[in-house]
Amino acid sequence: MSAIWAQGLTKHFDEVRAVDGIDLDIAPGTIFGFLGQNGSGKTTTIRMLTTLLRPTAGSARVDGLDIRDDARAVRRRIGVALQEAGLDDIQTGRELLTLQARLFGLGGSAGRRRVQELLAIVDLEDAADRAIGTYSGGMKRRLDLAAGLVHRPGILFLDEPTTGLDPISREAIWRYVTQLSTNDGITIFLTTQYLEEADRLAHDLAIIDEGRIIARGSPAEMKARIGTDVVTVQVPAADHLDRAAEVAGAVAGVERVQVAAGAAVVYVPDGARAVARIVLALDDAGIEVGDVAISRPSLDDVFLEATGHHLQVEEPQAAEGGAA
Amino acid sequence: MQSIATVYFLTLRSLREAVRNPAQEAGNVLIPLFFFAVTVGSIGSIAADAFGVDNFTGFQVPVAILAAASSISASAGLGTITDIQRGYFDKLLLTPAPRSAIVFGRIAADGVRTVAITAFIVAVGLIFGTGFDTGVPGLLVLLVGSFGFGMAYSGFNAAIALRTGSPQAAAAGGLLLFPLIFLSTAFAPKDVFADWLQVLATINPITYVLEAQRSLIIEGWNGLDILWGATATLGFGVASFTLTFLALRWRTS
């Protein structure tokens, strides 16, 4: 049985098709990455799967339960940490986790033990009795993660768990996520706009753009599908870009060329040998060449190939951080 | 059973929030007491001759109680909006707890807060010589009534908060009670009103809530007044809780 399954899942807000008929089939125990830029439909999808939003059309099952007909039962089986750490600044960390445990029917000494265990897991024992309003951004995310785990869910939804965090806090979250998957076998549905995060954590990945899934597979499979090296040639004169793409595309061995972010992105086998031919051809055509880079395909290349544009990462205005 | 437990836990959480925010609670007490003092100070001395109310201080105690309930419910509406904006409301909705119980936790806390402030206002009134004609049993009835009214009125602000998510709308919601207070027998008995105002005061449910509370404080036991007051409070509750359920359904659909 799939941990998460969806068919034709759709959500419209008036005329806006936020999610436009997506299909999902996620195996138990995997970390599923849902990669896309802001506004692509990631959060709307997660809100439907976690029963916070009713789909406009389509159906979905989480742990075998229908998200419409068995919504309360679904909520018993999932843990969720939404994009904005949903916390109450006036409570202490311990009080918040204790309340969360009680709302899941875990009271008394069992509840207290579980809260203490979670505080230890997310390294918040020392801060447990301080008001959450005094926590750093990284501490809030860790507490939010702990709140999602209080009832030992089999499936965990994480909506951009590291957006806005500093590298140390981000690394800490990645470590917890990996441990949850490896040690506890929890299925993790993780949305992200960070390529590195998707590449490092996800066993299975879907790229969503404008409400539709446009690529699917493991990160390695997706990159292998490109099948070539990537030669990125910066072209300083913007009005020469299309001509540069045309010239590079005519070079022997080149499979295709895309124009993105002031560069011609050339897909060619054995890029190290081809780069000289490409640069010479551009020079002969009178096109000034800037920096040139050769790389193995990255998820950014996969994203670019699938969407025609690079993934735009939007950080919150006031980035939160601090692992302390 | 799960609903009752949810309401209980979330009531405790809201009360803890109130205790940790004493400035807000002080405002909920001091502003009604300010108007109470000003009203009694300005027309208290002529009340007996002008419209036959001997104990005008006691006459004004219920007005202060209702004003406090209004202030409490406005701050609770803001609390709900803060929860929505911070995402904590979503976190609560993601638990298996019944969703209506999640909202009623805060509403019940408003009832408890209204009881506490009612007791304080009655104590202040006693210090200034209002007396309490029905004694301790009457005080208990007044506190039960305040609990009911605090919850019933809080429902309106919960509905506004859930439907709009707007702090400004929630703050304005707390003021909705004031026109009703001014169009009731808050400051004088109905029989000295102009005809048009008598009509409005007669159809205004706040009049009956005030009269019931007054009867307990300055008139002695009057079953009919208490019955009308309870009916008006119940009517408020039915209306406000219906709106709250509709707003909750809208927010979670």
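Residues numbered from 1 in each chain as written. Chains lettered and ligands numbered in written order. Predicted model: local features only at pLDDT ≥ 70, side-chain atom pairs only at ≥ 80, totals over all residues. Heavy atoms only, no water.

Before going further, it helps to examine the interface of chain B and chain A. Listed as interface residues are 23 residues of chain B and, on the opposing side, 29 residues of chain A. Interface area for chain B against chain A, summed over the two sides, is near 2,500 Å², with a carbon-plus-sulfur share of 55%. Among the residues chain B hides against chain A, the three largest losses belong to Lys91, Leu94 and Pro96 of chain B. Together they make up 28% of the total. Notably, a salt bridge pairs Arg13 of chain B with Asp88 of chain A, separated by 3.0 Å at the nearest N-O pair. On the surface where chain B and chain A come into contact, there are 14 residue pairs in polar contact (both at pLDDT 80 or more). At the level of elements, helix H1 (2-19) and helix H4 (88-93) of chain B are the ones that each hand at least two residues to the side of chain B that touches chain A. At seven residues, H1 of chain B tops the list of elements feeding residues into the side of chain B that touches chain A. (Contact = heavy atoms within 4.5 Å. Buried area = accessible area lost by both parts, 1.4 Å probe. Salt bridge = Lys/Arg side-chain N within 4 Å of Asp/Glu carboxyl O. Polar contact = N/O pair within 3.5 Å; in protein donor to acceptor, adjacent residues only side chain to side chain. Helix = DSSP H or I, 4+ residues; strand = E, 2+ residues; numbered from the N terminus.)

Let's shift gears to the pattern of salt bridges. One pass over the structure, following the stated rule, counts 29 salt bridges over all chains. Notably, a salt bridge pairs Arg94 of chain A with Asp129 of chain A, separated by 2.8 Å at the nearest N-O pair. One end of the pair, Arg94 of chain A, is in helix H3 (residues 93-103); the other, Asp129 of chain A, is in the loop between helix H4 (108-121) and helix H5 (137-149), and 35 residues separate them in sequence. Exposure remark for Asp129 of chain A: the relative accessible area of 54% places this residue in the exposed category. A network of salt bridges, in which partner residues are shared, links Asp88 of chain A together with Arg13, Glu17, Asp83 and Arg106 of chain B. (Buried < 20%, exposed > 50% of the residue type's maximum accessible area, 1.4 Å probe, protein only.)

What follows is about the nonpolar core. Leu49, Leu97, Phe157, Ile188 and Phe189 of chain A are the most contacted members of the largest nonpolar core, which has 86 residues in total. Discounting residues that sit within four places of it in the chain, Phe157 of chain A has contacts with Ile4, Ile46, Leu49, Thr50, Val62, Ile78, Gly79, Val80, Ala81 and Phe189 of chain A. (Core = buried A, V, L, I, M, F, W, Y, C linked by side-chain atoms within 4.5 Å.)

All names here are of chain A. The sheet built from four strands is open, its strands ordered S12-S13-S11-S14 with antiparallel pairing. Of all the strands in the sheet, just strand S12 (256-260) and strand S14 (292-295) have a single pairing partner and so form its edges. Ignoring strand direction, the axes of neighbouring strands in this sheet form an average angle of 20°. Pairing of strand S11 (residues 229-234) with S14 involves four bridges; the strand directions are antiparallel. Looking at S14, one finds that Val230 is bridged to Ser295. Where helix H10 (residues 271-284) meets the sheet, its contacts fall on S11, strand S13 (263-268) and S14, and the angle it forms with S11 comes to roughly 30°. Of the strands in this sheet, S11, S12, S13 and S14 touch helix H11 (residues 299-307), which is tilted by about 100° from S13. (Pairing = 2+ DSSP bridges. Axes fitted to C-alpha atoms, helices over the stretch in contact; angles between N-to-C directions.)

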